[in-house]
Amino acid sequence: MSDLKPGQRFASAVCTAEFMVIKVDGEPTITCGGVPLVAAGADATDGATADPEQMGGCEVGKRYVDADDTLELLCVKAGEGTLAAQGTALLIKGSKNLPSSD
């Protein structure tokens, strides 16, 4: 996957998960279940086999980020695979506290 841009959608090749790119810096290798993502709408079941150790699941509506905060993906459809970049599992981005309105 090269030339990633915000707004692009991708799907897992080994589960039902789908993602949208929110922020990207560089050209990371993004995987789900240990297999590189494919363009949304493409035939995602091209004989790919998931890595059982990378099947921790991903949740719809959650934003996934890398430790350097250079990559952010939004899960738009849940799946069984673990989302990773450069072989390292992505983290769920925490929510921000809103200011009080006293």
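Remember, predicted model here, so these are calculated numbers, not experimental data. (Residues numbered from 1 in each chain as written. Predicted model: local features only at pLDDT ≥ 70, side-chain atom pairs only at ≥ 80, totals over all residues. Heavy atoms only, no water.)

1. Here's the deal with the nonpolar core
Within soluble globular proteins, side chains that are nonpolar tend to cluster in buried spots. Phe19 and Leu83 are the most contacted members of the largest nonpolar core, which totals 18 residues. Looking at this core, the elements that each hand over two or more residues are β2 (18-24), β3 (30-32), β7 (71-77) and β8 (83-85). In this structure phenylalanine 19 touches Gln8, Arg9, Phe10, Cys32, Leu37, Cys58, Leu74, Cys75, Val76 and Leu83, once residues within four positions along its chain are discounted. (Core = buried A, V, L, I, M, F, W, Y, C linked by side-chain atoms within 4.5 Å. Buried < 20%, exposed > 50% of the residue type's maximum accessible area, 1.4 Å probe, protein only. Helix = DSSP H or I, 4+ residues; strand = E, 2+ residues; numbered from the N terminus. Contact = heavy atoms within 4.5 Å.)

2. Description of the environment of tyrosine 64
Assignment of secondary structure puts tyrosine 64 in strand β6 (residues 63-65). Exposure remark for tyrosine 64: the relative accessible area of 5% places this residue in the buried category. With 27 residues separating them along the chain, tyrosine 64 and leucine 91 place their C-alpha atoms 5.3 Å apart. Once residues within four sequence positions are removed from consideration, tyrosine 64 is found in contact with Cys58, Glu59, Leu71, Glu72, Leu73, Cys75, Leu83, Leu90, Leu91 and Ile92. Among the polar contacts made by the side chain of tyrosine 64, one reaches the main-chain amide nitrogen of glutamate 59 at a distance of 2.8 Å. (Polar contact = N/O pair within 3.5 Å; in protein donor to acceptor, adjacent residues only side chain to side chain.)

3. Considerations on the side chain of aspartate 66
As for its position among the elements, aspartate 66 is in the loop between β6 and β7. Of the polar contacts made by the side chain of aspartate 66, one reaches the side chain of threonine 70; its length is 2.6 Å. What aspartate 66 contacts, discounting residues up to four positions off in sequence, is Leu71 and Leu90.

4. Examining the sheet that holds β3
Taken together, 4 strands build an open sheet; the order of strands is β4-β3-β8-β9 and the sheet is antiparallel. Strands with a single pairing partner mark the edges of an open sheet, and in this sheet they are β4 (35-36) and β9 (88-89). Both β3 and β4 contribute to a ladder of 2 bridges, which runs antiparallel. Bridging from a neighbouring strand, threonine 31 pairs with proline 36 of β4. (Pairing = 2+ DSSP bridges.)

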